[in-house]
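# Residue-level structural notes
Here is what each chain is made of, one letter per residue.
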Amino acid sequence: MRTSFVIALSAAAALALAACSEKTQENAEATAESAGEDAKAAATGVGEAAEAVATEAGEAADKAAAATDELGDKAAQGAAEVEAEAHNESVGEAKAD
């Protein structure tokens, strides 16, 4: 009887351990899946932020190009005015030279 009791107790312990291991494995799978979803969400957020930065950089470059063009036009106008004054001619004539 003592042997039967030991065998029954050993079997119960083995089943309990197996059930515990199965639950641990399920928890590990759930944790890994959750971590994967978190990583995907973070990557999506980074991609969206990078796209926003690129858009803003493009807009800033467009503004800088427009400002440079405007500055170039003002410099050309100023040079034409100086040349017109120096040669005693109109600004239009100076620009044509």
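Residues numbered from 1 in each chain as written. Predicted model: local features only at pLDDT ≥ 70, side-chain atom pairs only at ≥ 80, totals over all residues. Heavy atoms only, no water.

## Quick notes on the overall build of the protein chain
Basically, it comes down to this: Numbering of helices and strands runs from the N terminus; a helix is a DSSP stretch of H or I covering at least four residues, while a strand is a stretch of E covering at least two. The classification of residues rests on relative accessible area computed with a 1.4 Å probe and restricted to protein chains. Under 20% of the type maximum is buried, over 50% is exposed, and intermediate values are partly exposed. Every accessible area reported is derived by Shrake-Rupley at a probe size of 1.4 Å, with residue values counting cover from the shown protein chains alone.
Within the protein chain, the regular secondary structure consists of 2 helices and 0 strands. For the protein chain, with 97 residues in total, the buried portion stands at 3%. For the protein chain, the exposed area adds up to about 7800 Å²; of that, 61% sits on carbon and sulfur atoms.

## Description of the pattern of salt bridges
Stated formally: We define a salt bridge as a side-chain nitrogen of Lys or Arg found within 4 Å of a carboxyl oxygen belonging to Asp or Glu.
Enumeration over the complete set of coordinates arrives at 1 salt bridge. Lys74 is the partner of Glu70 in a salt bridge, and the nearest nitrogen-oxygen pair spans 3.4 Å. Of this pair, Glu70 and Lys74 both sit in helix H1 (residues 2–87), 4 residues apart, which is roughly one turn of that helix. The exposure class assigned to Glu70 is partly exposed, which follows from its relative accessible area of 46%. For Lys74, a relative accessible area of 54% puts it in the exposed group.

## Let's talk about unusual backbone geometry
The phi dihedral of Asn88 falls on the positive side, at around 55°, and the residue is not glycine. Turning to its location among the elements, Asn88 is positioned in the loop between H1 and helix H2 (91–96). Residue classification places Asn88 among the exposed residues on the basis of a relative accessible area of 75%.

## Thoughts on a negative patch on the surface
Worth spelling out the cut-off: Two distance rules govern patches: like charges are joined within 9 Å, and nonpolar side chains (Val, Leu, Ile, Met, Phe, Trp, Tyr) within 5 Å, applied only to residues with over 30% relative accessible area and no salt bridge. His is not counted, nor are the chain ends; Lys and Arg add positive charge and Asp and Glu add negative charge. By convention, the point assigned to a charge is CZ for Arg, NZ for Lys, CD for Glu and CG for Asp.
On the surface, Glu26, Glu29, Glu33, Glu37 and Asp38 cluster together into a negatively charged patch. Relative to the helices and strands, Glu33 is located in helix H1. Given the relative accessible area of 52%, Glu33 is considered exposed.

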